[in-house]
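Inside the fold
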Amino acid sequence: PPSCLRPQVRPCLAHAVSVWACDVRVESVEGEPVWCVSVSVRVCCVTGGSAGASGGGVVAGESQSPDKCSQKVLSIRIDRNKTLSDLKKLLEQHVGVASTQFKVYRVYTQSQEYEMTRLGDSLQTLPSDTKLVVKLGRALKQGEFRIKIFLLDIRSVDYSKHLLDTIVAKGMTVQQFKEQIVSEIEEDPSLDYHLSVDKLRLRKKTWRSAGTIYLDSQVFEKDIHVFANFEMYLEPLKGGEKMLAATSIQVYVRRWRPSTHTVDLTDEVVVTESTPDHLRKKISEISDVPQEGVDIAKAYGAFPCEMSVLDINEDLEWNPNITNINSIPFSIYDDGCVVYYRDAEEKAEVLSAERKNELQKQENTRLSKYNSTPTYSSSSYRVEEKGVADDEAVKEEES
């Protein structure tokens, strides 16, 4: 490797100061001023009179990448006892903007990224071989959190789309945050969405699942705890918000029509009681099925719980003997669960072998689209399953 990529190591002398040796790469992507600084961190030692002891600096020259003229590589050393703030100050001259205008991320296993925001933290907290990434964008202030916003359309195959990254401040209400998001969307010409604050809801996003709905009056860091890599769904509504109390539960419902082996578009109900009969009542109110004729079954599988029409009638547990929807097999404790319902009087279609094969091919094609749909931001998740980064980041925050 070029000299600027080799570890900078000197003999440890008396009263030596430990430093970090950093390899920094700065590049632009597709002509856009997007800086990406990769920092490979190694522990080494220099004498007290070195640049590292005085605070840090560039100890190797710049080199141009042979295949990218916009890329340069720097070897930077900084006193290990310095802080994140000191490191950012040192990087200013190489990134080209003030330290308040770029962000530093720690890269965990599986390439997950966690933004480092505590400027006073010592670099000693970073273990050997830590990797950092620096990107252009306003750095977080105290009491602020960066949140990834995804657009949720439960009726679409492409039901989850990364919309934008934005910042929420401690003490902000959900209503204020929604207004901010809509304003940012309107100001971004690349986002062709026309959204009304009164017909939007914010809800928690856990991997691909749609979770708790946040009420307009709830306050961040009082009613809503925000943590590293926090994600939310922004969900457009057909009408006004039906979810008016935190004690209610929102449930997605789909009507299964066994006589034609078809499923209607997904709808929703909000239940204020946790009994199956109350759920049937709410379903009856949005359909033409009388309450006593509503059969219900909890969908299984990963959100959005799409199932083959050949499995719904036989594989689901219809009308289980429970008195509370919190009980197994429903286990409905939070917003966003999916329930199928049918008319108890509707007879199932008898399928010929030819018709069954036709449906099988049709469903294989349809369901494969859901299985291949990305539901996460490629900038922070390289795999669909959660790694250990979030847990490590939360532990680091708590410590």
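Here we summarise the structure given alongside this text. In every chain, residue numbers begin from 1 and rise along the written sequence. Given that this is a predicted model, residues contribute local features only at a pLDDT of at least 70 and side-chain atom pairs are listed and counted only at 80 or more, while totals for whole chains, interfaces and linings are drawn from all residues. Water and hydrogen atoms were dropped before computing side-chain values, which therefore reflect all heavy atoms in the structure.

Sheet strands pair by backbone hydrogen bonding; their relative direction is either parallel or antiparallel. The strand order β9-β8-β12-β10-β11 describes an open sheet built from five strands, whose pairing is mixed. Of all strands in the sheet, those with a lone pairing partner are β9 (160–169) and β11 (209–214), marking the two edges. Strand-to-strand twist across the sheet, computed as the mean angle between neighbouring axes with direction ignored, equals 40°. The criterion for strand pairing is that DSSP finds at least two bridges linking the strands in question. Helix and strand definitions here come from DSSP, where helices need a minimum of 4 consecutive H or I residues and strands a minimum of 2 consecutive E residues; each element is numbered from the N-terminal end. The pairing of strand β8 (residues 144–152) with strand β12 (residues 231–236) spans four bridges and is classified as parallel. Bridge pairing in β12 places Phe 150 opposite Tyr 233. Should any heavy atoms of two residues lie within 4.5 Å, those residues are counted as being in contact. An axis is simply a line fitted to the C-alpha atoms; with a helix, the fit covers only the stretch in contact. Between two such axes, the angle follows the N-to-C directions and lies from 0 to 180 degrees. Contacts from helix α2 (residues 174–187) reach β8, β9, β10 (200–206), β11 and β12 within the one sheet, and its direction differs from that of β9 by about 120°.

Here the focus is the pattern of salt bridges. A side-chain nitrogen of Lys or Arg and a carboxyl oxygen of Asp or Glu constitute a salt bridge if their distance falls within 4 Å. With the rule as written, the count across this model stands at 23 salt bridges. If you follow the salt bridges from partner to partner, you end up with Arg 201, Arg 203, Glu 235, Glu 241 and Glu 268 in one network.

Let us look at the nonpolar core. For the purposes of this section, nonpolar cores are sets of buried Ala, Val, Leu, Ile, Met, Phe, Trp, Tyr and Cys residues that join through side-chain atoms within 4.5 Å. Each residue gets one of three labels from its accessible area relative to the maximum for its type: buried under 20%, exposed over 50%, partly exposed in between, using a 1.4 Å probe on protein chains only. Ile 149, Phe 177, Phe 220, Met 232 and Leu 234 are the most contacted members of the largest nonpolar core, which has 24 residues in total. Within the residue set of this core, elements represented by two or more residues are β8, β9, α2, β10 and β12. The biggest single contributor to this core is α2, with five residues. Non-local contacts of Phe 220, meaning those with residues more than four positions away in its chain, are made with Val 168, Ala 169, Lys 170, Gly 171, Met 172, Thr 173, Val 174, Phe 177, Val 226 and Met 232. Of all hydrophobic cores here, the second largest spans 22 residues; its members include Ile 154, Val 309, Leu 310 and Tyr 370.

Our next topic: α2. Here α2 contains 14 residues, and its C-alpha end-to-end distance of 20 Å stays within 8% of the 20 Å for a straight helix at 1.5 Å per residue. Residues of α2 that are buried include every one of Val 174, Phe 177, Lys 178, Ile 181, Val 182 and Ile 185, and no others. Seen from one end, α2 has its buried residues packed into an arc of 135°, which puts them on one side. Facing away from the buried surface of α2 by more than 90 degrees, the exposed residues are Glu 186 and Glu 187. Tucked inside the fold, the buried residues of α2 contact β8, β9, β10, β11 and β12. A helix is expected to span 1.5 Å multiplied by its residue count minus one. By arc we mean the arc of the directions from the helix axis to the C-beta atoms, nothing more.

The element strand β15 (residues 267–271) is largely enclosed, with a buried count of four among its five residues. With five bridges connecting them, strand β13 (residues 249–257) and β15 associate as antiparallel partners. By the bridge assignment for β15, Val 251 is matched with Val 269.

Residues Pro 276, His 278, Leu 279, Arg 280, Ile 283 and Ser 284 constitute the buried set of helix α3 (residues 276–285). As for α3, its buried residues are in contact with β13, β15, β16 (294–298) and β17 (337–343).

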